[in-house]
Amino acid sequence: MLWDDLLNSLHRDWRGDGAIDDRLDNPDWLHRWLTSQNLNMDRPPEPAELQELKELRALLHRIVTQFVSKAMPHEADTEALNAIMAGGPVIRKLVSDEGRYRLEWYGLNRRWEQVLADIAASMAQSIANGETSRIRICDNPNCLWVYVDETRNRSKRYCDDKMCGNLMKVRRFRARQKAAADAPKHDHE
């Protein structure tokens, strides 16, 4: 989804070295991401436009955090999302694909307001579709990757069981081993 890709553009080292890489600051990454999302722009963002993209990311993070904590987004955040979407008018088109129909939306312009509106609309669509109960933030405190839990019982705790899941399992095991080694020994004499 478009909105979670934007959220995850603030990449944290999941192993815990504290490194944070804001991929939006990397023009090559930003160009590849925009292209992969069919958000083709005529030019790279101006500094103020890049700042607006980062502010949208912060807004989406606040909304996601509210949903993860089983709360509704603050009204001011919902209003801000609506204001951003208003900046990107669209044309809707019904498309037939192998006997099935889908609705496609096309932005009317190639300005940065359209990019922001499309990203905001992707979050709004997830909210309107009732998908918010599946939104998660990785339980690895060093990772904090945002993902949608597609498991049947909605019990996924980590963005990736092989990376973050295994790392946290090893850390819990080592903590138990250390606690057992540090525990006072009682002799039964």
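Predicted, not measured: the structure shown is a model, and the values here were computed from it. (Residues numbered from 1 in each chain as written. Predicted model: local features only at pLDDT ≥ 70, side-chain atom pairs only at ≥ 80, totals over all residues. Heavy atoms only, no water.)

**Brief notes about the layout of surface pockets**
If you add up the space inside the largest pocket, you get close to 760 Å³. Contributing to the lining of the largest pocket are 26 residues, with Leu 2, Leu 39, Trp 105, Tyr 106 and Asp 118 lying nearest its centre. Sort the elements by how many residues they give to the lining of the largest pocket and helix 5 (residues 112–128) lands first, with 8 residues. Considering only residue class, the lining of the largest pocket consists of 12 nonpolar, 10 polar and 4 charged. If you add up the space inside the second largest pocket, you get close to 240 Å³. Considering the residues around the second largest pocket, the lining is formed by 17 residues, among which Pro 27, Leu 30, His 31, Pro 44 and Pro 45 are closest to the centre. Broken down by element, the lining of the second largest pocket gets its largest block of residues, 6 residues, from helix 2 (residues 27–36). A breakdown of the residues in the lining of the second largest pocket according to their chemical character gives 10 nonpolar, 4 polar and 3 charged. (1 Å grid on protein atoms, 1.4 Å probe; cavity = no way out; pocket = protein on both sides within 12 Å on 5 of 7 lines; lining within 4 Å. Points joined across faces, edges and corners; volume = space filled by probe spheres on them. Helix = DSSP H or I, 4+ residues; strand = E, 2+ residues; numbered from the N terminus. Nonpolar A, V, L, I, M, F, W, Y, C, P; charged D, E, K, R; others polar.)

**A few points about the packing of helix 4 (residues 75–86) against helix 5**
At a closest axis distance of 8 Å, the pairing of helix 4 and helix 5 adopts a crossing angle of 130 degrees. Here helix 4 lies oblique to helix 5, going by the angle between them. Crossing angle aside, the handedness with which helix 4 passes helix 5 is left-handed. Here Leu 81, Ile 84 and Met 85 of helix 4 come into contact with helix 5, specifically with Leu 116, Ala 117, Ala 120, Ala 121, Met 123, Ala 124 and Ile 127. (Axes fitted to C-alpha atoms, helices over the stretch in contact; angles between N-to-C directions. Parallel < 35°, antiparallel > 145°, perpendicular 65-115°, else oblique. Left-handed = near helix turned anticlockwise from the far one by under 90°. Contact = heavy atoms within 4.5 Å.)

**Structural notes on the pattern of salt bridges**
Evaluated as defined, the whole model comprises 11 salt bridges. Linking Asp 25 and Lys 54 is a salt bridge whose minimum nitrogen-to-oxygen distance equals 2.5 Å. Highlighted residues: Asp 25 in the loop between strand 2 (20–22) and helix 2 and Lys 54 in helix 3 (residues 47–68), separated in sequence by 29 residues. Given the relative accessible area of 46%, Asp 25 is considered partly exposed. Glu 104 is paired through a salt bridge with Arg 102; the nearest N and O atoms lie 2.5 Å apart. (Salt bridge = Lys/Arg side-chain N within 4 Å of Asp/Glu carboxyl O. Buried < 20%, exposed > 50% of the residue type's maximum accessible area, 1.4 Å probe, protein only.)

**Some points on the packing of helix 3 against helix 4**
Direction vectors running N to C along helix 3 and helix 4 enclose 140 degrees, while the axes themselves pass 10 Å from each other. One finds that helix 3 runs oblique with respect to helix 4. As for how helix 3 packs across helix 4, the hand of that crossing is left-handed. Side by side, helix 3 and helix 4 meet where Leu 56, Leu 59, Leu 60, Arg 62 and Ile 63 of the first sit next to Asp 77, Ala 80, Leu 81 and Ile 84 of the second. Tallied by class, the residues present in the contact of helix 3 with helix 4 amount to 7 nonpolar, no polar and 2 charged.

**Focus: a nonpolar patch on the surface**
A cluster of nonpolar residues, Leu 94, Tyr 101, Leu 103 and Trp 105, forms a patch on the protein surface that exposes about 500 Å² of accessible area. When residues of the nonpolar patch are assigned to their parent elements, the largest contribution, 3 residues, is made by strand 4 (residues 100–107). Counting through the fold element by element, Trp 105 comes out in strand 4. Its relative accessible area of 44% is what places Trp 105 among the partly exposed residues. (Patch = residues over 30% accessible without salt bridge, like charges linked within 9 Å, V, L, I, M, F, W, Y side chains within 5 Å. Areas by Shrake-Rupley, 256 points an atom, 1.4 Å probe, with all protein chains shown as cover.)

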